[in-house]
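# Commentary on secondary and tertiary structure
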Amino acid sequence: MTAGGEARERAISRGQHLLSLQETDEQIAQLETEIAALEAALSGDPELERRRDAERAAEAERQGAEERCRGVERELSGVRQRARSLERRLYDGSVRNPQDLLGMQRDLGALKPRLDDLEASLLECMEASESAETVVAGTQVAVAEREAERGSQEAPRRERLAVARSELGDQRAVRAAVAAASEVGDVRIYERVAAHRRPAVVHLERDSCGGCHLPLGIREAIQARSGDGLVQCSNCDRVVVR
Ligand SMILES: [Zn+2]
């Protein structure tokens, strides 16, 4: 190989090294995103939490309805007892004073609409309690379904996570090797550009930069095409390779 050819080989590999570095970085970033998503999915599930909240709310609603029913039942049984006792005393002959008897009849008459009201509210309350029960059952099914779904996804997720972590380790080793094989200055240039422009290494498009699409200078275009040295776009700073 001629000296010029050797220089060209080395020059081509400078750009190519940075291109490989960039590909490796992209794979690392993809794996990191995937790992973060898997870890988040394994540690928690907002949808399951939402369904559990709905179940708790429905259960609270059902308990509230039951308590209201018990309150109405207590009141109803008190009023019934009072009515029965009035009736007994009215007809058992123990009260003889006509004024007292009239008063008791009036009291008993006043209790009737109260009894009707309470019976109607008890019915209403029991209906509310029943429909709350149905809602609770529905939310329990929704929670169980989600839990089953998550349960069936857990093993494949853990498996993929283990594979992705091992792939990430491999890619980091590849990156270290590529970086070690590149010139230190080139890696710095790449990292500096990559910090604010991605991709930082682009291909030459005709005579233009593949990143910002503006034409390179004649000298840079020739240099990029021949792979002679490292070419950066004077407009966007990206490294331009053949
Ligand atoms: Zn450019």
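Predicted model, so just to flag it, every value in this text is computed and none were measured.

Definitions and cut-offs
- Residues numbered from 1 in each chain as written.
- Predicted model: local features only at pLDDT ≥ 70, side-chain atom pairs only at ≥ 80, totals over all residues.
- Helix = DSSP H or I, 4+ residues; strand = E, 2+ residues; numbered from the N terminus.
- Rg over C-alpha atoms; globule rule 2.2 N^0.38 Å.
- Buried ≥ 20, exposed ≤ 12 C-beta atoms within 10 Å, placed from the backbone.
- Contact = placed C-beta atoms within 7 Å.
- Axes fitted to C-alpha atoms, helices over the stretch in contact; angles between N-to-C directions.
- Parallel < 35°, antiparallel > 145°, perpendicular 65-115°, else oblique.
- Left-handed = near helix turned anticlockwise from the far one by under 90°.
- Nonpolar A, V, L, I, M, F, W, Y, C, P; charged D, E, K, R; others polar.
- Pairing = 2+ DSSP bridges.
- Core = buried A, V, L, I, M, F, W, Y, C linked by C-beta atoms within 7 Å.

### Some thoughts on the overall build of the protein chain
When helices and strands are tallied, the protein chain shows 5 helices and 4 strands. Reading the secondary structure of the protein chain in the N-to-C direction produces α-α-α-α-β-β-α-β-β. Against the 2.2 N^0.38 benchmark of 18 Å for 242 residues, the protein chain shows a C-alpha radius of gyration of 41 Å, more extended than a compact globule. If you line up the protein chain on its principal axes, its C-alpha atoms span 135 × 40 × 25 Å. Counting every position in the protein chain, which comprises 242 residues, the buried fraction comes to 15%. Taking all contacts inside the protein chain whose residues are at least 6 apart in sequence as the whole, residues at least 24 apart take part in 73%.

### Comments concerning the packing of helix α2 (residues 46–91) against helix α3 (residues 98–181)
Running from N to C, α2 and α3 point in directions that differ by 160°, and their axes come no closer than 7 Å. One way to sum up the angle between α2 and α3 is to call them roughly antiparallel. Helix-helix and strand crossings are classified by hand; for α2 and α3 the assignment is left-handed. Tallied by class, residues from the contact of α2 with α3 come to 26 nonpolar, 5 polar and 22 charged.

### Side note on unusual backbone geometry
Put simply, Arg198 and Pro199 share a cis peptide bond, and its omega is -5°. Along the polypeptide, Pro199 turns up in the loop between α4 (184–194) and β1 (201–205). Of note, the phi angle at Arg206 is positive, near 55°, even though the residue is not glycine. Positionally, Arg206 belongs in the loop between β1 and β2 (208–209). One non-glycine residue with positive phi stands out, namely Asp237, at about 80°.

### Comments concerning the sheet that holds strand β4 (residues 239–241)
In spatial order, the strands read β2-β1-β4-β3; together these 4 strands make up an open sheet with mixed pairing. Because the sheet does not close on itself, it has two edges, and the strands there are β2 and β3 (231–232). Where β1 lies against β2, 2 bridges are found, and the strand directions are antiparallel. Paired with Leu204 across the two strands is Cys209, which belongs to β2.

### Some points on the nonpolar core
Of all hydrophobic cores here, the largest spans 19 residues; its most connected members are Leu18, Tyr190, Val201, Ala224, Val239, Val240 and Val241. Secondary-structure elements contributing two or more residues to this core are α1 (3–43), α4, β1 and β4. In this structure, Val241 is in contact with Gly15, Gln16, Leu19, Val201, His203, Leu204 and Ala224, ignoring residues within four places of it in sequence.

### With respect to the environment of Val72
Within the secondary structure, Val72 sits in helix α2. For the pair formed by Val72 and Leu122, sequence separation is 50 residues and the distance between their alpha carbons is 6.0 Å.

### Quick look at the pairing of β1
For a regular strand, the rule is simple: side chains alternate between the two faces of the sheet. In the sheet, β1 pairs with β4 via 3 bridges, with the strands oriented parallel. The partner of His203 across the bridge, within β4, is Val241.

Function cannot be read off these values alone, since they describe shape.
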